[in-house]
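If you want the building blocks of each chain, they are given just below.
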Amino acid sequence: MSMDLIIANGRVVTGEKTVRADIGIRGGKIASIAPKLARKHAGRTRVIDASDRYVLPGAIDEHVHLDLSVGGMVTADDFESGTQMAACGGVTSIVDFVTPHRGESLQRALNERRGQAEGKACVDYGFHMSLTDLSRQAREVPRMIELGIPTFKQYMIYAKAGLQSNDGEIFAALELLREVGGRLLLHAETPDVLDLLVERNHTRSQMNRYGARLHARTRPDFIEAQAVARAIEWARITRGSLFIVHVSAGKSVDLIEQAQQEGVSVRGETCPHYLALTERVFGGSDGHLYATCPQVKKLSDQRRLWEGLKSGVIGCVSTDTCSFTRTQKNRWGGDFTRIPMGLPGSETMVPIVYTHGVLKRRLTINELVDRCCTTPAKVMGLYPRKGILRVGSDADIVIVHPTQRRRVDWRLLHSRCDWSPYQGWSLAGFAEHAFCRGIQIVKDYQFIGHAGFGQYVPRSLSCLVMCE
Ligand SMILES: [Zn+2]
């Protein structure tokens, strides 16, 4: 069998094991994983030498917000820069969101969103569908599943933006998605107590005294954990499939673990900023830049998140990328309720998990692959096409040097953001080379792909009968 490309001599990593092997690629797919393939095809096939390197599946960032309008501002990164930064971080698939406004059809909102990505995306992509008005949108849900969108999102907060669902709508969505074979992604924070704490602190004297620290002071861990507890109860009763996005609190990990032991279908993801930062960042002169929802919490939460990730209670890492420039963030003017929320992230996701997880022995390299590639692919319906190095899967492959570190500098990253939460940090785990469907998109840490190469990938949860 002839090959288009062979990645030779690397340490090929899956969620379970690491083997020395060559990977043969043909027609954009993995055609063979075996020793000495390169020798067999010597002189006839292009060979990339991956000696002393890890060879990983391309990571999946299942939670990004590119080209998003919020509160009269548009995020700094669109589908072009957002997927360039993904590629250089070893992410070869992203899943963004379609957010129809109340009264808009899901189909119409999807068409518009696909138009924003087409011709721009440099890696493969899909969309989750936000349910902002369940009673009117429910009838379109089966059609969305047919179109490759089996994951739906609701928000427990953001009433003013027209995104908030009440518990009745969450309950009904879980019931509906159980019937039609979909999964509910939930932004879990409890609105009433949050609003109360914000209102109490939204005074000139408090803002002068605490500045950006008020963002953290008004969102203690119970704001998330109480919402997680409520949602778990609805999942238990409806037997719907629940996925808590961006888990930030240790208490939430405890709740999810207990529910899983009791047989509730609940899973979760956490993000690099919760694993690497603490709320101390809000005390710095640039503290407001770090505002995101939910916000980063205490060191004890960070420790519990790493434990949860290690044990698999938290099965996935994603970034919740939502970038705003300094100029955009600076519009807060000292008022913590006016900070545009979100951080850039896809480029530093795997490097943070690798450097602070694998190199600090909190995770094995196989666990990194499972949490950043394989489990996200399974949970989001991309498996086995993506998320694994296996014959027949897409040749989404990343070559990583095990120890070589690079200093993070926002000027060298691919986000249009003019800052990074990890500025000056020394991280290993960036993509030295990356391939998407067998085409090289990163070479020697430089992006060499092009806009429009990324394809829309329809997703399906039907494989989950086998893989759960
Ligand atoms: Zn998000």
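Anything mentioned here points back to the structure above.
All values reported here derive from a predicted model rather than from experimental measurement. (Residues numbered from 1 in each chain as written. Predicted model: local features only at pLDDT ≥ 70, side-chain atom pairs only at ≥ 80, totals over all residues. Heavy atoms only, no water.)

Participant: Looking at this model, I keep getting lost on the overall build of the protein. Mind explaining?
Facilitator: Assigned secondary structure in the protein consists of 17 helices and 21 strands. In terms of overall size, the protein behaves like a compact globule, its C-alpha atoms giving a radius of gyration of 21 Å where 468 residues would be expected to give roughly 23 Å. C-alpha extents for the protein along the principal axes are approximately 70 × 50 × 40 Å. For the protein, the proportion of its 468 residues judged to be buried stands at 63%. At a minimum sequence separation of 6, the contacts of the protein that also span at least 24 residues come to 74%. Carbon and sulfur atoms provide 48% of the accessible area of the protein, an area that totals close to 17,800 Å². (Helix = DSSP H or I, 4+ residues; strand = E, 2+ residues; numbered from the N terminus. Rg over C-alpha atoms; globule rule 2.2 N^0.38 Å. Buried < 20%, exposed > 50% of the residue type's maximum accessible area, 1.4 Å probe, protein only. Contact = heavy atoms within 4.5 Å. Areas by Shrake-Rupley, 256 points an atom, 1.4 Å probe, with all protein chains shown as cover.)

Participant: Which parts of the structure should I look at to understand the environment of F97?
Facilitator: Counting through the fold element by element, F97 comes out in strand β9 (residues 91–98). On the basis of relative accessibility, which here comes to 3%, the residue F97 falls in the buried class. Spatially, the C-alpha atoms of F97 and F127 are 4.9 Å apart, while their sequence positions differ by 30 residues. In contact with F97, not counting residues within four places along its chain, are H63, V64, H65, R113, F127, H128, S130, K153 and L185.

Participant: How should the coordination of the zinc ion be read in this particular structure?
Facilitator: The expected angle between donors at a tetrahedral four-coordinate metal is 109.5 degrees. At an octahedral six-coordinate metal it is 90 or 180 degrees. Protein coordination of the zinc ion is provided by H63 (NE2), H65 (NE2) and D320 (OD), with donor distances spanning 2.1 to 2.2 Å. Taken in sequence order, the residues that donate to the zinc ion follow the motif H-x1-H-x254-D. In this pair, H65 is assigned in the loop between β6 (59–61) and β7 (69–70) and D320 in the loop between β15 (316–317) and α14 (326–330), connecting sequence segments 255 residues apart. Residue H65 shares its accessibility class with D320, and that shared class is buried. (Donors = N, O, S within 2.8 Å, 3.2 Å for Na, K, Ca; no water.)

Participant: What exactly am I supposed to notice about the environment of F453 here?
Facilitator: Structurally, F453 can be placed in the loop between β21 (446–447) and α17 (464–467). Sequence separation between F453 and K120 is 333 residues; the distance between their C-alpha atoms is 7.7 Å. Filtering out sequence-adjacent residues up to four positions away, F453 remains in contact with A121, C122, D124, C436, R437, I439 and I441.

Participant: Can you help me understand the nonpolar core in this one?
Facilitator: Soluble globular proteins tend to bury their nonpolar side chains together. With 99 residues, the main nonpolar core has I94, F127, L242, I256 and L368 as its most contacted residues. Sorting elements by how many residues they give to this core places helix α15 (residues 349–358) first, with six residues. Ignoring anything within four residues of it in the chain, the contact list for L242 reads L174, L184, L186, A231, I232, A235, S265, V266 and R267. Residues I7, I23, I30 and L389 belong to the second largest nonpolar core, which totals 15 residues. (Core = buried A, V, L, I, M, F, W, Y, C linked by side-chain atoms within 4.5 Å.)

Participant: I would appreciate a short explanation of helix α16 (residues 365–380) in the present structure.
Facilitator: Count 3.6 residues to each turn of an α-helix, and residues three or four apart come out pointing the same way. Helix length check: α16, at 16 residues, gives a terminal C-alpha distance of 22 Å against a target of 22 Å (1.5 Å per residue), a fit within 8%. The largest bend along α16 measures about 40 degrees and falls at R371. The first or second residue beyond α16 is G381, which carries a positive phi of 80 degrees. (Expected span 1.5 Å × (residues − 1). Bend = angle between axes of the 7 residues up to and from the residue.)

Participant: How should I be thinking about the packing of helix α6 (residues 167–180) against helix α10 (residues 221–238) in this particular structure?
Facilitator: When two helices pack together, their arrangement is given by the angle between their axes and by how far apart the axes lie. Running from amino to carboxyl end, α6 crosses α10 at an angle of 40 degrees, the nearest separation of the two axes being 9 Å. Looking at the two axes, α6 sits oblique to α10. With respect to the hand of their crossing, α6 and α10 are arranged in right-handed fashion. Between α6 and α10, the residues in contact are D167, I170, F171, L174, E175 and R178 and R230, A231, W234, A235, I237 and T238, respectively. Here the residues of the contact of α6 with α10 are counted per class, giving seven nonpolar, one polar and four charged. (Axes fitted to C-alpha atoms, helices over the stretch in contact; angles between N-to-C directions. Parallel < 35°, antiparallel > 145°, perpendicular 65-115°, else oblique. Left-handed = near helix turned anticlockwise from the far one by under 90°. Nonpolar A, V, L, I, M, F, W, Y, C, P; charged D, E, K, R; others polar.)

Participant: What is the right way to look at the pattern of salt bridges in this model?
Facilitator: In a structure, side chains of opposite charge can pair up when their charged atoms sit close to one another. This model, assessed by the stated rule, comprises 29 salt bridges. The partner of E104 in a salt bridge is R108, with the nearest N and O atoms 3.8 Å apart. Overlapping salt bridges, with partners in common, bring together K29, D124, R385, K386, D394, D396 and R437 in one network. (Salt bridge = Lys/Arg side-chain N within 4 Å of Asp/Glu carboxyl O.)

Participant: Explain the state of the cysteines to me, please; I cannot follow it from the model alone.
Facilitator: Think of a disulfide as a covalent bridge from one cysteine sulfur atom to another cysteine sulfur atom. For the coordinates displayed, the defined rule picks out zero disulfides. Unpaired in this structure, C322 has its nearest cysteine sulfur neighbour in C417, at a distance of 9.8 Å. (Disulfide = S-S within 2.5 Å.)

Participant: Would you take a moment to explain the pairing of strand β12 (residues 183–187) for this structure?
Facilitator: Residues in a regular strand project their side chains so that they alternate between the two faces of the sheet. Of all five residues that make up β12, five are buried, and the element is covered over most of its length. A two-sided burial pattern is seen for β12, the buried positions comprising R183, L185 and H187 on one face and L184 and L186 on the other. In this sheet, β12 lies alongside strand β11 (residues 151–155) in parallel orientation, the contact comprising five bridges. Its bridge partner lying in β12, F152 is registered against L184. Pairing between β12 and strand β13 (residues 242–244): three bridges, direction parallel. Opposite L184, over in β13, you have L242 as the bridge partner. (Pairing = 2+ DSSP bridges.)

Participant: Explanation requested: unusual backbone geometry in the structure shown.
Facilitator: The general pattern is negative phi for most residues beyond glycine and trans for most peptide bonds. Of note, the amide linkage connecting C293 to P294 takes the cis form, showing an omega dihedral of -10 degrees. You can see P294 is positioned in the loop between α12 (272–276) and α13 (299–311). Here the amide bond leading from Y383 into P384 is cis, since omega sits at 0 degrees, within 30 degrees of zero. Mapped onto the secondary structure, P384 falls in the loop between α16 and β16 (397–400). Despite not being glycine, N9 has its phi angle at roughly 70 degrees, a positive value. For N9, the location among the structural elements is in strand β1 (residues 5–13). By relative accessible area, which is 40% here, N9 ends up partly exposed.

Participant: When you look at the pairing of β11 in this model, what are you seeing that I'm missing?
Facilitator: Of all five residues that make up β11, five are buried, and the element is covered over most of its length. Side chains T151, K153 and Y155 of β11 all project onto a buried face; the interleaved residues F152 and Q154 project onto the opposite face, where all are buried too. Two strands pair when backbone bridges link them, and strand β10 (residues 124–130) and β11 are joined in this way by two bridges, in the parallel orientation. The residue of β11 that forms the bridge with M129 is F152. In this region the chain leaves β11, passes through α6 and returns to the parallel neighbour β12; the handedness of that crossover is right-handed. (Right-handed = clockwise from strand over helix to strand, strands pointing away.)

Distances and angles like these do not, on their own, reveal function.
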